[in-house]
Amino acid sequence: MKEETIRKAYEVARERYAEVGIDTEQVLKQLQDFHLSMHCWQADDVVGFEVQAGSLSGGIQTTGNYPGRARNIDELRADILKAKSLIPGTHRLNLHEIYGDFQGKVVDRDEVDASYFQSWIDWGKENDTKLDFNSSSFSHPKSGNLTLSNPDDGIRQFWIEHTKRCRDIANAMGEAQGDPCIMNLWVHDGCKDQSVNHYLYRRLLKESLDEIFEKPQPMMKDCIEGKVFGIGLESFTVGSHDFYTAYAAKNNKILTIDTGHYHPTESPADKVSAVLQFVPELMLHVSRPIRWDSDHVTIMDDPTLELFQEIVRAQALDRVHYGLDYFDASINRVGAYVVGSRAAQRCMTRALLEPTALISQLELDGKGFQNLAAIEECKSLPWAAVYDEFCVRNSVPVGLDFVKEVEQYECEVTSKR
Ligand code: RNT
Ligand code: ZN
């Protein structure tokens, strides 16, 4: 697309937005400060690099077998860098523990330490990419149905040790990058069928968390993620939303909102203003559920847009960490990164461009129809011209121009795998 055309469209947009009290230059600055934490696991269908890797378990599933999956650390790094080159702004990378640089060695989850992530730390520095981290409870012989809530002391201690070590690794990453590493804790613990030990499992999970979080780790931040159910664990989830919301509020932990983890008619966006009254910060796993937690690629749909609007309206931009969490194995995976990341940014662009002060005043003045009219009008203000300008200023392709770059990469690299 011609830069001249984009520039002209932006100038018009700038004027239109100025009329409703929005400074687009300010919004462009805010977008530059909006860092996504890109999940490493879209590149390889959540397999990771453990030598002893088994198949994906823990209630999550990838579907599809599009060619070109990243099969090793070099391929994954190359794919992430390709995707990042097509997404404006600077972004973080969110690693799972199973993505360590194990160099062909069998390293069990209770033996892992920061040395296996040194090459990631170096890679992050070289590529201006800060790292976030996750402990990994799934795809392991000891995963079973219960990990941190397992009544078997040996198994429970194994996962406690794993998670403690992950916090050490996250802290080392945070120190090395001079910025706290955000570590997410999600365990799949649950029951496939009827169970009468709910209180026991939740008590054990609480005790495990208390022990895990005992050690102060100044350069990492803990977040905890609940969900409704997992595949094969349909009847009961130990780490439900009530459980983690209560735990986070009481213990000042970051709560993770994964947009795929709620009942189909429940609004993740509506959680923002509720829980931010009680928890210090939020981590997002922006995903897209279709009928279930299917982890489809993020798009600009109403739930995602509302989520970002709620954050902006709550003036909570600096209290939220913006992670992505989807894994579609049925399409080009680099393309999936770019589409999802840009969609999240476009939602944020629209949210930042909302003349909230103006609409809020109408609402507070009880001007019902005027309020509705303003909200409707905002939907068609020229927000896309602002995002296009953002792309130009970051020297990345505008509009559909990134598609041919993904296609070329597929032709030269991923299709040959
Ligand atoms: C699973 C959770 C979790 C995982 C990743 C791989 O339902 O959403 O965040 O998707 O950690
Ligand atoms: Zn998630």
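Residues numbered from 1 in each chain as written. Chains lettered and ligands numbered in written order. Predicted model: local features only at pLDDT ≥ 70, side-chain atom pairs only at ≥ 80, totals over all residues. Heavy atoms only, no water.

1. Topic: the coordination of the zinc ion (ligand 2)
Distances from the zinc ion (ligand 2) to its protein donors, namely E225 (OE), D258 (OD), H285 (ND1) and D325 (OD), fall within the range 2.1 Å. Here the zinc ion (ligand 2) is ringed by six donor atoms whose angles at the metal span 72 to 171°, and the overall shape comes out octahedral. In the primary structure, the donors to the zinc ion (ligand 2) are separated according to the pattern E-x32-D-x26-H-x39-D. Taken together, the positions of H285 in strand β9 (residues 282-286) and D325 in the loop between β10 (320-324) and α10 (333-352) put the pair 40 residues apart, joining distant regions of the chain. For H285, a relative accessible area of 1% gives the class buried. (Donors = N, O, S within 2.8 Å, 3.2 Å for Na, K, Ca; no water. Tetrahedral: all angles 85-135°; square planar, octahedral: opposite > 155°, others 65-115°. Helix = DSSP H or I, 4+ residues; strand = E, 2+ residues; numbered from the N terminus. Buried < 20%, exposed > 50% of the residue type's maximum accessible area, 1.4 Å probe, protein only.)

2. Digging into the side chain of N94
Position of N94 among the secondary structure elements: in strand β2 (residues 92-96). Since its relative accessible area comes to 1%, N94 is described here as buried. Among residues more than four places away in sequence, those in contact with N94 are S37, M38, H39, C40, W41, D132, F133, N134, M283 and H285. (Contact = heavy atoms within 4.5 Å.)

3. Considerations on the environment of K250
Residue placement: K250 occurs in helix α7 (residues 241-251). A relative accessible area of 73% places K250 in the exposed class. On a C-alpha basis, the gap between K250 and R14 in space is 44 Å, while along the polypeptide they are 236 residues apart.

4. Focus on helix α1 (residues 3-19)
Between its first and last C-alpha atoms α1 spans 25 Å; for 17 residues at 1.5 Å apiece the expected length is 24 Å, and the two agree. The complete set of buried residues in α1 reads I6, Y10, A13 and Y17. Buried positions in α1, seen along its axis, are confined to an arc of 65° and lie on one side of it. Among the exposed residues of α1, those oriented more than 90 degrees off its buried face are E4, K8, E15, A18 and E19. (Expected span 1.5 Å × (residues − 1). Arc of directions from axis to C-beta.)

5. Here we look at the pairing of β2
Of all five residues that make up β2, five are buried, and the element is covered over most of its length. Pairing geometry for strand β1 (residues 36-39) and β2, over three bridges, is parallel. In the sheet register, S37 faces β2, and the bridge partner there is R92. Since β1 and β2 lie parallel, the crossover through helix α3 (residues 73-84) that links them has a hand, and here it is right-handed. One ladder, built from four bridges, connects β2 with strand β3 (residues 131-134); its direction is parallel. From the neighbouring strand, N94 faces β3, where its bridge partner is D132. Taken together, β2, helix α4 (residues 118-126) and β3 form a β-α-β motif whose crossover is right-handed. (Pairing = 2+ DSSP bridges. Right-handed = clockwise from strand over helix to strand, strands pointing away.)

6. Some remarks on the sheet that holds β1
Strand order in the closed barrel formed by eight strands is β1-β2-β3-β4-β6-β8-β9-β10, with parallel pairing between adjacent strands. Averaged over all adjacent pairs, the angle separating strand axes in this sheet is 30°, with direction ignored. Pairing between β3 and strand β4 (residues 181-185): two bridges, direction parallel. Residue pairing across strands places N134 opposite N184, the latter belonging to β4. Packing of α7 onto the sheet brings it into contact with β4, β6 (220-225) and β8 (254-258), and relative to β6 it is tilted by some 150°. (Axes fitted to C-alpha atoms, helices over the stretch in contact; angles between N-to-C directions.)

7. With respect to the environment of I299
Of note, I299 is situated in the loop between β9 and α9 (302-313). A C-alpha to C-alpha distance of 35 Å links I299 and R202, two positions 97 residues apart in sequence. With near-sequence residues (within four places) excluded, I299 lies in contact with R288, T304 and A343.

8. Concerning the nonpolar core
Counting 117 residues, the largest nonpolar core has L95, W120, F133 and F308 as the members making the most contacts within it. With nine residues, the top contributor of residues to this core is α10. (Core = buried A, V, L, I, M, F, W, Y, C linked by side-chain atoms within 4.5 Å.)

9. As for the site of ligand 1
Around ligand 1, the neighbouring residues are W41, I60, H96, W186, E225, K227, D258, H261, H285, D293, D325 and F327. Residue D293 places a side-chain N or O atom 3.4 Å away from an oxygen atom belonging to ligand 1. Calculation on ligand 1 without its partners gives an accessible area of 310 Å², and the protein chains cover 100% of this total. Of the residues that constitute the shell around ligand 1, the class distribution is four nonpolar, three polar and five charged. (Near = heavy atom within 4 Å. Polar contact = N/O pair within 3.5 Å; in protein donor to acceptor, adjacent residues only side chain to side chain. Areas by Shrake-Rupley, 256 points an atom, 1.4 Å probe, with all protein chains shown as cover. Nonpolar A, V, L, I, M, F, W, Y, C, P; charged D, E, K, R; others polar.)

10. Some points on α4
Listed as buried for α4 are W120, I121, W123 and G124. End-on view of α4: buried residues confined to an arc of 160°, all on one side of the axis. Facing away from the buried side of α4, by more than 90 degrees, are the exposed residues K125 and E126. Phi for D128, located one or two positions after α4, is positive at around 50°.

11. A look at the packing of α3 against α4
With their axes 13 Å apart at the nearest point, α3 and α4 run at an angle of 25° to one another. The angle between α3 and α4 places the two elements in the roughly parallel class. Relative to α4, the crossing made by α3 is right-handed. From α3, I73, L76, R77, I80 and L81 reach across to α4, where they touch S119, W120 and W123. (Parallel < 35°, antiparallel > 145°, perpendicular 65-115°, else oblique. Left-handed = near helix turned anticlockwise from the far one by under 90°.)

12. Some remarks on the environment of L146
Note on placement: L146 falls in the loop between β3 and α5 (153-177). Its relative accessible area of 11% is what places L146 among the buried residues. Residues L146 and G178 lie 32 residues apart in sequence; the distance between their C-alpha atoms is 35 Å. Apart from residues lying up to four places away in sequence, L146 is in contact with P151, I155, D189, G190, Y201 and V238.

13. Things to note about the state of the cysteines
One pass over the structure, following the stated rule, counts zero disulfides. A disulfide-free cysteine, C166 has its sulfur positioned 10 Å from the sulfur of C181, the nearest such atom. Cysteine C181 is unpaired, with the sulfur of C223 as its nearest cysteine sulfur at 9.2 Å. (Disulfide = S-S within 2.5 Å.)

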